[in-house]
Amino acid sequence: MNDMTSKSRLANSNPRAASVRLKARSLKRAYGQRRHDFRIGQQPNYVDQERTCLNRILIEPRPLPEIKKEIERLRRSNGAQRAMKSDAAVVTAGIATFGHKAADLFATLSSEEQDAALQELVSQIAKKLGTRIEAMVVHLDETSLHAHFELRAYNDDGVPVSKVATFQVMSELQDMTADVLGQRCPGIERGHKKFHRIEVGADYAETLNRSVKKLHKDLPDEIAARQGDLKKLEEEKRQLDASMTKTQGHLQRLYDKGKLNEKEAKRLKTYEGRLAKKEAEQSEIQRRQLDMMTKLEKARHALKNREAEVQEHEVSAREKMEDAKASLVAIEAVAEELEQGTLQQNDAGKIQMKDASPVLAAPAGIRKRLFRLARRLLWCQERLVRKENRLNRLSAALKGFLKRQDLSDDARAEGEELERGLDDGQAF
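Residues numbered from 1 in each chain as written. Predicted model: local features only at pLDDT ≥ 70, side-chain atom pairs only at ≥ 80, totals over all residues. Heavy atoms only, no water.

Draft legend 1. Geometry of the pairing of strand β4 (residues 133-139). Within β4, seven of the seven residues are buried, leaving the element largely enclosed by the surrounding structure. As defined by bridge partners, strand β2 (residues 56-59) adjoins β4 across three bridges and the pair is classed as antiparallel. Following the sheet pairing, I59 is matched in β4 by M136. By the bridge criterion, six bridges tie β4 to strand β5 (residues 146-152) in an arrangement that is antiparallel. Considered in β5, the bridge of V138 is made with A147. Linking β4 to β5, which pair antiparallel, is a turn of six residues. (Buried < 20%, exposed > 50% of the residue type's maximum accessible area, 1.4 Å probe, protein only. Helix = DSSP H or I, 4+ residues; strand = E, 2+ residues; numbered from the N terminus. Pairing = 2+ DSSP bridges.)

Draft legend 2. Up close: the sheet that holds β4. One open sheet accounts for five strands, arranged β1-β3-β5-β4-β2; its pairing is antiparallel. Only two strands of the sheet have a single partner each, and these edge strands are β1 (18-26) and β2. Across the sheet, the axes of successive neighbouring strands diverge by a mean angle of 20°, strand direction being ignored. Here strand β3 (residues 89-98) pairs with β5 via six bridges, running antiparallel. Pairing of V91 across the sheet is with R152, part of β5. In this fold helix α2 (residues 27-37) packs onto β1, β3, β4 and β5, with an angle of close to 135° to the strand it touches most, β1. Against the sheet, helix α7 (residues 167-184) contacts β1 and β3, and its axis sits at roughly 130° relative to β1. (Axes fitted to C-alpha atoms, helices over the stretch in contact; angles between N-to-C directions. Contact = heavy atoms within 4.5 Å.)

Draft legend 3. Representation of the nonpolar core in the model. Counting 32 residues, the largest nonpolar core has F98, F106 and I125 as the members making the most contacts within it. Breaking this core down by element, the ones donating at least two residues are β1, β3, α4 (100-106), α5 (111-129), β4, β5 and α7. At seven residues, α5 tops the list of elements feeding residues into this core. With residues up to four places along the chain from it excluded, the contact list for F106 reads F98, Q114, A117, L118, L145, L181, C185 and I188. (Core = buried A, V, L, I, M, F, W, Y, C linked by side-chain atoms within 4.5 Å.)

Draft legend 4. Structural detail: α5. Taking 1.5 Å of rise per residue, 19 residues should cover 27 Å, and α5 covers 27 Å from first to last C-alpha, within 8% of that figure. Inspection of α5 places Q114, D115, A117, L118, L121, V122, I125, A126 and L129 among the buried residues, and these make up the whole buried set. Angularly, the buried residues of α5 cover 165° about the axis, an arc narrow enough to put them on a single face. Residues of α5 that are exposed and point more than 90 degrees away from the buried face comprise E112 and K127. (Expected span 1.5 Å × (residues − 1). Arc of directions from axis to C-beta.)

Set out below in structure tokens:
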């Protein structure tokens, strides 16, 4: 495979990949998340309510107030003095998803095998983060199978999961997802890393979660199908109206005749029966038309909402893409100035750079982490310089010591051995 083909492949998402995402939820948002996950109350239009009965609840949710009390106890055990903020996380909401090829592979497993694989994965995630599982459900009433789960938002030491789940840990969780599910379902792989995909040319928007537009792409098809059905009903009604008009003409001529012979009376009854049947058919067509128009209007409304969601999602994607690009530029700027020695720390502990603008343009979180890392590297560098200077002084002192004439042969031999050791250390 040539470099261009390899880069093109890496720039795209991996259709055989399974992945997990985590997001902190406050008490208020946790209630909303549970209403969605466990299908309580009104649900989005993309949920197929006829398939909701197929969803599988693997772990019943623990009451949120109970979880919050446990978190407060853990925080006190960890030495926290202040009460939890009103918007503090109570649970960490997670979702396990599949690329379209991974979904096809996973679908070959029985429901019991799927549930066992997903439960093992979430159990290992909880263990990795030092917390516990609070709820879990498998959804089968949307476009593709996926699993929602909840973790307690603080680990057993009273530390927020959001602090434990660093960038590195999240990357390790993606490795774990591929390992666990790949063992249960051979063929499932790890997704390409986001920053690697950006580095080889992917648009950051492509590296985000599948967009609402892609996830629910069937809506335009549904609208087109309903419009087609509506046209068929209109044509069916038109033909029925023409037939009814013809039957009514036959009846009217018989009514106008007044006195009918036996054959004509029999024909009258036949026409009346046909007309009654056609009127019933007409009523049924009108009912179906009304029902179809109602469903069509709902689908159009859902599509309009979906387009608004997509637009919002794309705006967010563009913003995140710019943040990602700015982050990469900032990382490169810090690395380059560290190599050149132009990145320094003044007496007040403030980082100074030849050109700090790339770092200042990066998101606040990245900026803080870069400066924190730079301080640690400069501190290590300073310690090395101090040790090297001390080593030089010791070496010079030893050389002077070995020039003394009153040294015994053993002392001189030992000193020369130390000198060779110091020279080796300096060379190193």
